Structure formats: structure tokens, C-alpha cells
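Descriptive structure summary
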Amino acid sequence: MRIDVKKTYKLFINGQFPRSESGRVYEVKDSKGKFLANPAQGSRKDLRECVVAARGAFSGWSGATAFNRGQILYRVAEIMEGRSEQFVAELVAQEGISASAAKLQVAKAIDTWVWYAGWTDKISSISGATNPVAGPYYNFTIPEALGVVAVFADGKPSLLNMVAGLAPVIASGNTAILIASEKYPLSAITLAEALATSDLPAGVVNILTGKAGELVSWVGAHMDIDGVDASGLGKKQLTELKVAGAENLKRIHSFNEINSPLRITSFMESKTVWHPIGV
Amino acid sequence: MNERQVSKFEYAPAPESTSIVNIKSEYGLFINGKFIAPKAGKRFVTINPATEEVLSKVAYADLADVNLAVNAARSAFTKTWSKMPPAERGKYLFRIARILQERAREFAVLETLDNGKPIRESRDTDIPLAAAHFFYHAGWADKLSHAGMGANPKPIGVVGQIIPWNFPLLMLAWKIAPALATGNTVVLKPAETTPLTALLFAEVCQQAGLPAGVVNIITGDGVTGSHLVNHPGIDKIAFTGSTGVGKAIARAIADTNKSATLELGGKAANIVFEDAAIDEAVEGIVNGIFFNQGHVCCAGSRLLVQENVQDEVIEKLKRRMSLIRIGNPLDKNTDLGAINSAAQLARIREISDSGDLEGAERWSPECELPKAGFWYPPTIFTGVSQSHRIARDEIFGPVLSVLTFRTPQEAIEKANNTPYGLSAGVWSDKGSRILWTAQRLRAGVIWTNTFNKFDATSPFGGYKESGWGREGGRHGLAGYLKAGN
Amino acid sequence: MIVDGSEGSLKQFLRTLPPVDQVGAEGRAAMLATRSIKTTSKNWAIDLAIRMVDLTTLEGADTPGKVRALCAKAVRPDPSDPTVPSVGAICVYNDMVKIARTELDNNGGQNIPVAAVSTAFPSGRASMEVKIRDTKDALENGAAEIDMVIDRGAFLSGRLGEVFDEIKAIKEVCGERAHLKVILETGELVTLDNVRKASYLAMLAGADFIKTSTGKVAPAATAPVVLVMLEAVRDYYKETGIRIGVKPAGGIRTTKDAMKQLVLVNETAGPEWLTPSLFRIGASALLNDLLMQRMKMRDGYYASPNYVTLD
């Protein structure tokens, strides 16, 4: 009988896998109450490091061509496909669903990632415009990436929610901090492994596991986070986030649909430029 | 070494190896997912225009073969492709894009052998753009409701596609990618002189597991093409080629329900204002007419230079032209390759000679042309006026006609004074002047302070007799969709 | 030429220069970077590049020992192969010039000039008196070439006359004794339009060479910058009949980089500039890479750093 080598679940910050600087971990049990793992419990300093990494990666990632971003996102899907079995096993264990339900979720998650990969070079065709102003001016509106966006993805189906939160945010050039589901965190770290091996520049995505409650207040208060996907938060936490986030007018949104270009455009800014037309 | 002695920096031959390609001695037709022999067993050769050596024998598709191909496309449309969830369709296209990237070098070498264009261009331009075109369109397959064509647009059905010899694989990508992404199936006929990369593409379709019949590739000539155009099983024609043939197609389908997109000829004006960044404008002029040996529908074949900077521009242009390296297309340092065929060379000569006869002044740098193959030196004619044949007829070769203008208004008038309207170039350092000029030019693609730039996201197509419809970008999807319910 | 040295006429003239389109210039430089230099042309180009190297050490920690070692290497880059040519020059700080000159003369390097950086290199922030004294020191100690820096602060704030006057003054100090290279510090000028303007300003003021950088600021000798400078000397020659040299410095570390530079020269200014008297490359690590590539061309297999000397 072979003893398997169990995975250690650490944080994903700036392309590396550190433990929490606080040294804390928390226990995750499977759906039957059996011990699964001790993932790191992210601290406020860990979050700070995530923001520094995400901010540092922003100019490179938003400055890359849309084609390049699309290629990299598609590559992530290629790597995820190769890790399907691991994702399935983790979902079965954590969520207590059947293997076939887990397979379906993993397939949908990968396909959702591909869906968003295909948006990078199309979003400005549908959300940009040339505006027929009443004067001799060329006037165009161009959507631009917002900056650093935090994503709270919680609840079942945990992998799918995570992907639906993360992919649209980075497709447009934002950099992200994913706060994994407190109850089902393991898929987030396996996702991090896929991200780390697919040409995604360090810092574009950073992933924290830990206790949602404390993380919500720290995210809300951090003045260098520009936007939040709060789809995974309950009403009380959402209110808390909005009150704290008002300080730097964070763009805070929640979504119901998995596939929607609104998940991309909500985390973009529109810039309108005027230029005279004259000889 | 003596200080003042000029040391010539000769670039030694730097040939790209051909060992990466494996050209078969003969090819069949790619119908319903397999290569099959043509019904009548007829074949024709394809040669390397730089050496006139025979590369291979390809099949000649006659009416029976066209029939088979169209039926295969129809069957695949009805039974498989139109029923497939759009996301899955998209994934096939992603696979094709990735395989093209993997086999990029092989495709580049093959394209250069069959077409005659420099390896640098097939390697750095043609093949990457083709792969990117598939990648871009793969992402549209499951997003068509966002394309501005209605809530639930539908494919047209079976599309007949006829492409030219100047950018064989790229033109194939421009046709097949949007057609498949939008749910159509295709029968594509590559040009007579450049079938090989299309046939290699058929292998890529097999490697990608594309369902049989979704893409069919039939080689042949103009007669094959007309069988395709006239076939009742074809719902739409997509054609890139000469304006003459485009008009013939329009007439041929007039009493049918078939739609068509046509990408035809051009005689683009490349306008250089006095305040242009002169060195970069000269690069743009050279790129505009000598890229791909001038075998470009959107080539900047008429230089319209503001009279007060004419001397400086022409002098720099001639100096720059003398740096153009013409020769073995497989050499990585070659800038100008072979003319694609004896027929095309004859056409170039005939129209250019009219320039001499009509009184324009010809100039070419000294260059040594290889003995075998089809070659034409980079050439400019100065003292050209609008009424000269070389200012009106598309030469489709490395020949530039130089005209002048005094005022911006005159530049506009001369630029627009043509039945064509595919493209134009504008060179100026003043933003408002650029926009003013772009606003007034009647052309579908306007390059400002650049030229010959292509991107999958950027719609391409012409005004007036340069054609119908656009390819690429969101706008390019329209030709392959009809409003659904 | 057109200018009388006054601020007004200088500004007037520089305004008439055609603009540079950054994207177009970068495109041209990128296309030239695809040139493939192989076999016989590579052999020829490597030896030419070696002869063009201004072998440089400009560190606060420089010592006589370090400079002596550099000089020995300059004369005989590869002790195991006498067919390797000597470099173009040695480039050191002012107070190392005498040591360098002596060492070169004792090693059979009489034909290798010593270039000294001067005028409060690298920042250029000092009084004119100090800059002139700096230059005179170097000349008195045996420097045959002076690499001066322009006052970028003055340039960027529009005091072009000051920049012009400084160059003119240093050129006067050099006289016939030394050729003057004027470092534009293109990384601080940022735009290609500024590079073009600064190139012309330097040439009009008497530069024998225009040089890209001090090597202390990145970006340094990027291809588009060198392209614009080569266009400037090409056009200046057309108008005046005088050929000015170009020296890229900083960031040229590999043989591939050097080949790209030579192609830029060949297809921009022209083959007349393919000589150490009109083109130099300021470098240190480059020489060993050139030597290793030379070995590979000679022997047919890749060399290892063990087979080239540290300087």
C-alpha cells in the first residue's frame, strides 16, 4: 500500500508560493468531516503584498496587446485541461458532489476560461465607439483597464465561480487578487499552479486563502485596490465592503451570470478623446 | 585599412533550410476530410517562380469534383456544424490556430517556395497573421449575439471561396476563419499557381480533428472557380481577386439568391505632405509598393507628394531603393522576391512599358537579376500625370508612379479620382491634417504615418470598384451571417 | 551652415528639421535587425567590430592595475591567436589616462588612442571652468580623444545656446590634438525628435563624433536612437561634405548586438562609415563575446568563457 505525497496549500503572490507571513493556517475538512488540508490563512500583510505585486504588474499587463493577453489566457485553459483530474478530485472531496458532477463543473470552468480568453481583442469593438459630435472633431471612446481588482468568489460551484470572477477581470488588462472561498479553498491553489505555469506574468493574479470575514474588511480599507467583484459576499459583508470602499470610491459589483461581457466592462474605465479635424 | 577606402559589407548568403517541408510529388483534392483523386484524373503542376522548378502536381477539380465538394459541405453543415454548440466550434478554430503556430516555420518555407515571396515576409508577416486570424475568430464563435448583428444571428450555409495567389495562406485564413466561426461550411479554391499551403492547411484540419466536410479544398483554375460560383448548392461567394472577375461573379449570381463579398483591385494613393516625418515616409513608400513585390491589392502604387518636398523625397527614395536586395526568396536577407508567374511578369512589363511610351521617366537601381525565374526590378516613374495608364491601371508589381500636388484639396481630388477605393496612405506630422485627409478620402482602409498594416481585429475592404463588404474585425462577420430569430 | 551660434538662429534651424515618427523609426530599426550575417560576412564583421571597440572602464573603483590589464587586453585581445586585431581605443577616466598611455606604449599599442571622458562625466553638472580644466588635464596626460557630455538640463529647458557654446569651447580646447566625441545621453533626451535636434546641435558646434550615452543611464544605445543619429550624419554630410562619426555606447553586450549596429550603419549612413575612424562601439563585456564568436567561426563549435581572458 503506497502512502501518497500530500500537497501543501500555500498562498500565491507575485508568481511564487509563500506561506502566510503570519504563520497562520486553518483546517479544511472534506464534506464528510475528514481532515483535508491546512491551507494558509492570509493576513493583512499578505494582502498588502498582493496589492504591491498586482500594482507592479499592472502597467506591463495592461500594456500588452489584447492578442497577447488572449493567447496567455488560452494557455491557462490548456494547462487547466491537463489538470482536470486533480480539479475533479478536489471538488468531490470539498463539495461532496459526485465525480460526474465535478467533471461537469471542471469542464464548464475551463470552457468559461476559454470564453473570456476570446474576449480580450473584441471588448473594445463592442464597448468602444466613435461619437458623432456636432462639430469638426474626431471623437472616440475607448475602454481601458481599471487597475487592481479584488475578487471574492464563494459558494458552490466553487471552481466555476472563481473562474467566472477572475478571467473577465484580467482579460481587459486589470491585475487581480482572488480571495478564495473560505469553505472550499483548495481549487484556488491548484488554479494558481496552472496560472504559474502558463506564461502569465508574475503579479497579474495573486491568490489568498483564509477567513472571508477579516479579508473583507482589509480589502475594503486598502486605498490601492480600485475595484471589487463582490459576487461571493453576503449582504452584511457587502455593506461593510461598500462603506469602507467609499473612501477611494472603489468600483464594487456583483454578478449573477457566469458568462457576461458586463463582467469585463464593469471593471474598465471609458476614456473619450477629442481631436480637431482641419487642414 | 585606408581610412577613406570604402569597405563593402557584403551579406553572405543566409538561406533558410527547406528540409522542414515535405512536399509530396502529387496531391489529391481535400473533400469530406480526406484527400481523394480527381474524378477525371487530371493534374497540373505548380512551380517555384524563383527557379521555375516543378514543386508538385496538384489535382484539377472539374464539375464532378466541385459537386462532390459542395455536397460534402452541405452535408457537414446540415448534420454536424450547424448543430454543434458554438463554443465547441470555437474550440476547433483555437486548435487550428495553435497548430498553425506550431508548424509556422514549415508553412513559411512552403509559402516562399510556392509563391516566390521573401522568407522574411512569409515568416514574419503572412504566417503569424494567418494564425492570429484563426485565433481571433475562434473567440467570436460563441459570442455572435454581441456582434451587433441581432440577438441570434444565423450562418448563411455553404460558402464558396476563391482566393488569389499573392498571400495564399493569409487569404485562406481571411476566408475560412470567419466563415467557420459563424457556423458556415466551406469549399475553398486556392489560386492556380499557389495551392501548396492550402493543401498543407488541409492536414492541419485533420490534425485538429475538424469534422469531415466542414472545410473542403479543391485545386483548379478559373473554370473550376466558375463551377463553384454557379453551383446551386452554394449560398454565398467570397472572392478576392481582380476587379474584372469580381464583376463577372456579380453578374453570374444576379438571378440567384446568392450573396457575395468581393475584395478586388486598387490603385491606392500614398499622400506625403510637406510636414511629414520624411525618413519614415520614405520607408512607408517603399513598404507600400515593394512589400510582397507589389502584388498587393492595397499597394500604395501612386505616390502623391507635395510639390515643395518632391526633390528631397525622391532623392531619399532612390537612395533607399538602392538598398533593396532582390534575389533568392529563401535567403533571409532578401527584400524583393520573384514575380509569381510568367503571365504576371508579362502584364507588369506591358503596363510599365506604357509609362515609357506615354512620356514618364523610369528609374530603377542597378540590380543583378537571377537568370532563371520571373523577376522585375523595383521601379519608379516620375513625371506621371493622372491620365497616364500607369496612374490608372493596377500593375500589381513593384512599380510606383509618382505624381505631385500643391494643396491638400488637390491631393484629395487626385487621390479619389479613380474607380477604385481600397486603401490610401497619408503622411503628415499634424494630427488634424491627418484626420481631415482621412475624412475626405474615399477608401476603405486608410493608413496614416504607416502602411500595409493588417490585424485580425481591423476591418479590410474597399469602396467603389474595389469590392463589396469587409473582412476582419466585428464588421467582417456581417458577410457570413443573416439575422435570426 | 545656417546658424551663427546665437540662441535664436539655432532654435530656428532646429525647428526646421523634419520630425521623426517613433513607430516608423522603430519599425525600420526592427526590420534591419532581421538581417542575417553569416559565414564570410560574419567573419569580416566580427573583426571590424573588434577594431571599433572603445574598450572601456569607468568605475569609481578603477585602479592602475585594472587599467593596465585592460590595456594589455586592448593590444592583444586573444593571447592564443595573433590574428585577432587590436581594439579601436581605450576609454578611461581622466586620472587614468597617463597610466593607460604608458601601458599601451610599453605593450606594442602605440597605435591605440586613449579616450578620456570629460566635462564632469557622467552628469555634466559642474562649472565651465571645471569642465575646461577636466579636458585640459586629459589632453596633457596623453588623451587623443575626448568624450564630453552635453548639459542635458540646459537642453531640456531650452537653453540651446548654452549647450552649443559649451561644445564649441571644449572643441577649442581639443584643437588639433584630439578628436571630440559629444555624448548626447539619449536616455535622458527621451524622444527621437530630441535625439535628432541634439545630434545636429552637436555637429554644428564642432563635434567630430556624436555618441549616444555615458553608459550610466538606461536606455542607452537602442537601435532607433542609433538609426536617427546615423540619419543625421548622413544628411549632414550631404549638406556640408563633412563626415561626422557615431558611437553607440551602453547595452551592446553580444556579437549579435554588434552585428545589428553594423547593419544599421551599412544601410543608413552607408559603407563609408564602416571604419573605426567614423564608427566606434563603447563596450566592455562585448569584446569577450566577439572573441568567443570568432572562435566558434574558426573552430566550428561553441566556445566557453574559460577560453577568453578576464580584463
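For clarity, every value in this text was computed on a predicted model and none was experimentally measured.

Now for the overall build of chain B. Helices and strands together make up the secondary structure of chain B, namely 14 helices and 19 strands. In terms of overall dimensions, chain B is globule-like: its C-alpha atoms have a radius of gyration of 23 Å, near the 23 Å expected for 485 residues. Taken over the C-alpha atoms alone, chain B extends approximately 70 × 50 × 40 Å along its principal axes. Within chain B, buried positions represent 62% of all 485 residues.

A separate point is the packing of helix 2 (residues 66-82) of chain A against helix 6 (residues 158-171) of chain A. Residue and element names in this part refer to chain A. In contact at an axis separation of 10 Å, helix 2 and helix 6 are set at 155° when each is read in the N-to-C sense. Of the possible angle classes, the one that applies to helix 2 and helix 6 is roughly antiparallel. Across the interface between the two elements, Arg69, Leu73 and Met80 of helix 2 pack against Val163, Ala167, Ile170 and Ala171 of helix 6. Class assignment for the residues of the contact of helix 2 with helix 6 results in 6 nonpolar, no polar and 1 charged.

The next thing to look at is the sheet that holds strand 4 (residues 145-149) of chain C. All names here are of chain C. Ordered by their spatial adjacency, 8 strands build an open sheet running 7-6-5-4-3-2-1-8, and the pairing between neighbours is parallel. Since the sheet does not close on itself, it has two edges, and those belong to strand 7 (245-247) and strand 8 (281-283), each with one partner. Here the average twist between neighbouring strands, direction ignored, is 25°. Note that strand 5 (residues 179-183) and strand 6 (residues 209-211) share 3 bridges and pair parallel. The residue of strand 6 that forms the bridge with Lys181 is Phe209. Its contacts with the sheet place helix 6 (residues 128-140) against strand 3 (114-118) and strand 4, and it is angled at close to 165° to strand 3.

Once that is clear, we can look at helix 5 (residues 168-181) of chain B. Relative to the 20 Å expected for 14 residues at 1.5 Å per residue, helix 5 of chain B spans 20 Å between its end C-alpha atoms, a close match to the ideal helical length. Just past helix 5 of chain B, the residue B:Gly183 takes up positive phi, approximately 100°.

Listed per partner, the contact involves 25 residues of chain B and 22 residues of chain A. Carbon and sulfur atoms make up 65% of the surface buried where chain B meets chain A, a total of about 2,200 Å² over both sides. Three residues, B:Arg98, B:Phe135 and B:Lys143, lead the burial of chain B against chain A; their summed loss comes to 25% of the area buried on that side. On the surface where chain B and chain A come into contact, there are 2 salt bridges. Where B:Lys91 meets A:Asp111, a salt bridge forms, and the shortest distance between an N and an O atom there is 2.6 Å.

For the rest of this paragraph, the subject is the sheet that holds strand 4 (residues 137-145) of chain A. Where strands meet in a sheet, backbone hydrogen bonds hold them as pairs that are either parallel or antiparallel. An order of 3-4-10 (chain A) is seen for the 3 strands of this open sheet, with the pairing classed as antiparallel. The open sheet has two edge strands with one neighbour each: strand 3 (129-130) and strand 10 (268-276) of chain A. In this sheet, strand 4 of chain A lies alongside strand 3 of chain A in antiparallel orientation, the contact comprising 2 bridges. Opposite A:Ala129, over in strand 4 of chain A, you have A:Thr141 as the bridge partner. Its contacts with the sheet put helix 14 (residues 431-440) of chain B on strand 4 and strand 10 of chain A, and the angle it makes with strand 10 of chain A is roughly 85°.

Residue and element names in this part refer to chain B. Here the domain parsing of chain B yields domain 1 (26-264 + 464-482) and domain 2 (269-448). The C-alpha-based centres of domain 1 and domain 2 are spaced at 30 Å. Facing the 30 residues of domain 1 at the interface are 32 residues of domain 2. A buried area of about 2,500 Å², summed over both sides, lies between domain 1 and domain 2, and 56% of it is on carbon and sulfur atoms. Three residues stand out in domain 1 for area buried against domain 2, namely Trp165, Lys464 and Ser466, and they jointly supply 22% of the buried area on that side. Our enumeration of links across domain 1 and domain 2 arrives at 1 salt bridge. Salt-bridge contacts for Asp335 lead to Arg120; the nearest nitrogen and oxygen are separated by 2.8 Å.

Looking now at the arrangement of the chains. The interface with the highest contact count, out of 2 pairs of chains in contact, is the one between chains B and C. Regarding chain A and chain C, the two do not touch, and the least distance separating their C-alpha atoms is 15 Å.

Attention now moves to the packing of helix 3 (residues 84-95) of chain A against helix 4 (residues 99-117) of chain A. All names here are of chain A. In the contact formed by helix 3 and helix 4, the axes pass within 9 Å of each other and the chain directions differ by 125°. As summarised for this structure, helix 3 and helix 4 are arranged oblique, according to the angle between their axes. Judged by the twist between their axes, the crossing of helix 3 over helix 4 is right-handed. Residues Ser84, Phe87, Val88, Leu91, Val92 and Glu95 of helix 3 form the contact with helix 4, whose participating residues are Ala99, Ala102, Lys103, Gln105, Val106 and Ile110. Classifying every residue of the contact of helix 3 with helix 4 by side-chain character gives 8 nonpolar, 2 polar and 2 charged.

Soluble globular proteins tend to pack their nonpolar side chains together in the buried interior. Counting 161 residues, the largest nonpolar core has A:Trp113, A:Ile170, A:Leu195, B:Phe134, B:Phe201 and B:Val215 as the members making the most contacts within it. Two domains share this core, each providing at least three of its residues, namely domain 1 (26-264 + 464-482) and domain 2 (269-448) of chain B. What B:Val215 contacts, discounting residues up to four positions off in sequence, is B:Phe30, B:Ile176, B:Leu180, B:Val186, B:Phe201, B:Cys205 and B:Leu210. One finds C:Ala116, C:Ile210, C:Leu230 and C:Val246 within the second-largest nonpolar core, a separate group that totals 99 residues.

A few words on the interface of chain C and chain B. Residue-level contacts link 36 residues of chain C with 32 residues of chain B. Between chain C and chain B lies a buried interface of about 2,800 Å² when both sides are counted; carbon and sulfur atoms form 52% of it. At the junction of chain C with chain B, the criterion picks out 6 salt bridges. Put simply, B:Glu283 and C:Arg28 hold a salt bridge, and the shortest N to O gap is 3.1 Å. The tally of links from chain C across to chain B stands at 14 residue pairs in polar contact (both at pLDDT 80 or more). The set of elements that each furnish at least two residues to the side of chain C that touches chain B consists of helix 2 (22-32), helix 3 (39-52), helix 11 (223-240) and helix 12 (255-267) of chain C. No other element matches the 5 residues that helix 3 of chain C contributes to the side of chain C that touches chain B.

How each quantity is defined
Residues numbered from 1 in each chain as written. Chains lettered and ligands numbered in written order. Predicted model: local features only at pLDDT ≥ 70, side-chain atom pairs only at ≥ 80, totals over all residues. Heavy atoms only, no water. Helix = DSSP H or I, 4+ residues; strand = E, 2+ residues; numbered from the N terminus. Rg over C-alpha atoms; globule rule 2.2 N^0.38 Å. Buried < 20%, exposed > 50% of the residue type's maximum accessible area, 1.4 Å probe, protein only. Axes fitted to C-alpha atoms, helices over the stretch in contact; angles between N-to-C directions. Parallel < 35°, antiparallel > 145°, perpendicular 65-115°, else oblique. Contact = heavy atoms within 4.5 Å. Nonpolar A, V, L, I, M, F, W, Y, C, P; charged D, E, K, R; others polar. Pairing = 2+ DSSP bridges. Expected span 1.5 Å × (residues − 1). Buried area = accessible area lost by both parts, 1.4 Å probe. Salt bridge = Lys/Arg side-chain N within 4 Å of Asp/Glu carboxyl O. Domains from an automatic or database assignment. Left-handed = near helix turned anticlockwise from the far one by under 90°. Core = buried A, V, L, I, M, F, W, Y, C linked by side-chain atoms within 4.5 Å. Polar contact = N/O pair within 3.5 Å; in protein donor to acceptor, adjacent residues only side chain to side chain.

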